[in-house]
Structure formats: C-alpha cells, structure tokens
Amino acid sequence: MKILAYTPEGTACPSMAEALQKALGDVFTTTHAATLGQNLPSLVHVFGPCTPMVIRLLHKAIRHHIPIIYSPQGYLLPWNNKGIPYPVRLLLRHATVVHARSEFEFACLQQLDIHKFLVEIDDATSTQTITQAEMTVQMRRLYRKIVDTHVAQLLSENTKKIIYRLLQIAIDDLIITTDGLADTTRNMLNTLSDEEWRMLFLYAYDQGVDMEMRTALKRLAFKYPECDVKNIDRFPLSSKPEPIDSTPFTEINVDTIVNSFLRLHDIAKHTPLLLCHYAEVYRLLRTGDYDETLLCQKLSEQHLETFALQVIGILTENLALNEGYIPTPFLPKSKIL
C-alpha cells in the first residue's frame, strides 16, 4: 500500500498531512508537483482547498483508476464557502471518502449531504480529543479499508493473469497435465508479494471465485499465505457474486448451456458480469458433451448470438478457451487468432 498525499501551496493547516507523513513514512509520500509517476500509488489523499493543481491530480487519478480521499480541512465550513463551486463538486463526486478532521466539521459536512461515505478522524495537531498515535492508527485503518475495497481498480495485470490461470486449473481437471503449465504457474505465484496475495483473494471473493482459487492452489501443491477475506473491514460493494452453476459434467447438455446464457443475459441487463459468471460458461463449454450445431441453433432461437459472441470472446482472451470448445459459427477461427 502506497499513499500519495497532496497539500496545495499556501494551505492554512498543513500540519495533519505533515504529522501523517512523519508517522506513516513506510507508506506515505507527499508531492507539490501533483504528478503521478510510473510507480503509481494505491490511493491519493488531498488535503485543503481544491486548486487547479488538485484538479490536475484528480484527472490523473481518475485516468489511472486510483481511489481518492478528500480532507477539506475546514474549507467547506459555512464561513468558507458560498455554495460549492464546480471544481469542488467534481472532486467530491469522484472521491471515495470525504474525511472530516473534527466533530464540528463532520456535523457541517453531514448537513451539506455532500458524500455517502463521510468519516470523522480528529486532527491531533489541532485538538486534544485524540493523540497523534491514535490519529495515525485510525488513518492507516481508513487507508487500508479504502484500498481493500477497491482491489478491482488496483489489481495488477500480472495478478489478473495469475487469477485467470488458476481459474482454468480449478475448472479443468486435465489442463494441469499440459507440459510445463504447473511449473510456469508456480513461478508466476512466487512473484506475488503479500500485498498482491491479499488483493488476489479479495478480488476472487468479490468475483465469486475464491473457492476456485484455493482448489487450483491445492492441485498445484502450492503453499500460499492465508487471507480471511470475510473479516476484512471494507466499504459496501455495489454487486454480490452469484454462485457458480454446479451441474455435474455428465448432465451438461445443450439446454443446460442455453439456460446458462439466458440467465447471464438477464443478469447483464442490470449489472456487469463477474468472473464467476464467465467461469460458469467456461466450465460448461469445456466439460460438457453437447451437439454444437444444435447449441448454435437454440442460441439463435433465443436471440443470444451477439451475447454469446461477446461472452465467448472474453473467455477466449482471458481464460484461453481454445477453438475446440467454441461453437464455431459464433466465433470463427479468424476472430481468435
């Protein structure tokens, strides 16, 4: 976890940011250039007024899908604002959390109803209601909670590839016998840091495939750090994973697959599909014994051709579903090369 803190030049009360930087030097970094380099942070924390430089930093954080916490530091109190100007509204709209540094500021911001996630952590540098040690512990806990909530945004491409590989191993009993696949996967797993393992399990839990991850790791006989994701404090997620279809492979037929596509098509009307949804189709296509011509015919009758093409395209790209398991009229060879 790496926190980038930014306090605009001339801010009246920069002491809280300075105290946090001193206490959280292992994860905390500050800048007055409002730039994001190659080593992107896990979180951006803005203190004080919303200046043009803050807006520049905001746009860069949005572009890189980095969550933002905003501490107005009193700049949104009644005597400091005449309505909320557009730049501040923009910052508030994209902030994950708004932080109030006192009980009074919290009450004022609550009255303004500016954000659904408003958190109070008192500023030990300007009040005696809390010690600096307590402030540091509470702020670190808040940072951790935000990062743990936004793992989908922060997950590295390498960790995603590992999750996709583990999902294949969990679903397909035979794929692990592929020459070199097990050793290659173990080598990939050995590159993960403790923080990346934490993100892997949190993301897998959110996507409804956490049990599949553990099944694959067991098949690889790989010792991994445990992570009790259910007891990790996080903000509410917008969607909950659906259970993966558990139809035995001996009972998978054309109707089973068509019904799965129908169910996922209905889900996709209301919320983005999760990894567990794609895993369901992957398992049915990989392990079922079915008539491809009849499957294509029935999908066409249900007007699911376009949807099936989109889903199978994602399976091909991410889960390496190969041509032998694809209903070819929906995804010709030229589409998967």
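Here we summarise the structure given alongside this text.

Conventions used here
Residues numbered from 1 in each chain as written. Predicted model: local features only at pLDDT ≥ 70, side-chain atom pairs only at ≥ 80, totals over all residues. Heavy atoms only, no water. Helix = DSSP H or I, 4+ residues; strand = E, 2+ residues; numbered from the N terminus. Buried < 20%, exposed > 50% of the residue type's maximum accessible area, 1.4 Å probe, protein only. Contact = heavy atoms within 4.5 Å. Areas by Shrake-Rupley, 256 points an atom, 1.4 Å probe, with all protein chains shown as cover. Salt bridge = Lys/Arg side-chain N within 4 Å of Asp/Glu carboxyl O. Axes fitted to C-alpha atoms, helices over the stretch in contact; angles between N-to-C directions. Parallel < 35°, antiparallel > 145°, perpendicular 65-115°, else oblique. Nonpolar A, V, L, I, M, F, W, Y, C, P; charged D, E, K, R; others polar.

## Comments concerning the overall build of the chain
When its secondary structure is counted, the chain shows 15 helices and six strands. The buried share of the chain, reckoned over its 337 residues, is 51%. Put simply, of all contacts in the chain between residues at least 6 apart along the chain, 72% involve residues at least 24 apart. If you sum the accessible surface of the chain, you get close to 17,100 Å²; carbon and sulfur atoms cover 51% of it.

## Here's the deal with the pattern of salt bridges
A complete count under the given rule lists 13 salt bridges for this structure. A salt bridge links Arg144 to Asp148, with the shortest nitrogen-to-oxygen separation between them at 3.1 Å. With Arg144 and Asp148 both in helix α5 (residues 132-149) and four residues apart, this pair spans about one turn of that helix. As far as burial versus exposure is concerned, Arg144 and Asp148 are alike and both buried. Here Lys298 makes a salt bridge to Asp255, at a shortest N to O gap of 2.9 Å. In this pair, Lys298 sits in helix α13 (residues 292-301) while Asp255 sits in helix α11 (residues 254-268), placing the two residues 43 residues apart along the sequence. Salt bridges sharing partners connect three or more residues here, namely Arg144, Asp148, Glu195 and Arg198.

## What about the packing of α11 against helix α14 (residues 305-318)?
Contact geometry of α11 with α14 gives a least axis separation of 11 Å together with a crossing angle of 90°. With respect to α14, the element α11 is oriented roughly perpendicular. Contact residues: Phe261, Leu264, His265 and Ala268 in α11; Phe307, Ala308, Val311 and Ile312 in α14. For the contact of α11 with α14, the class distribution of residues is seven nonpolar, one polar and no charged.

## Quick word on the environment of Val88
In this fold, Val88 is placed in helix α3 (residues 86-94). In this view, Val88 contacts Cys50 and Leu76; residues no more than four positions away in its chain are not counted.

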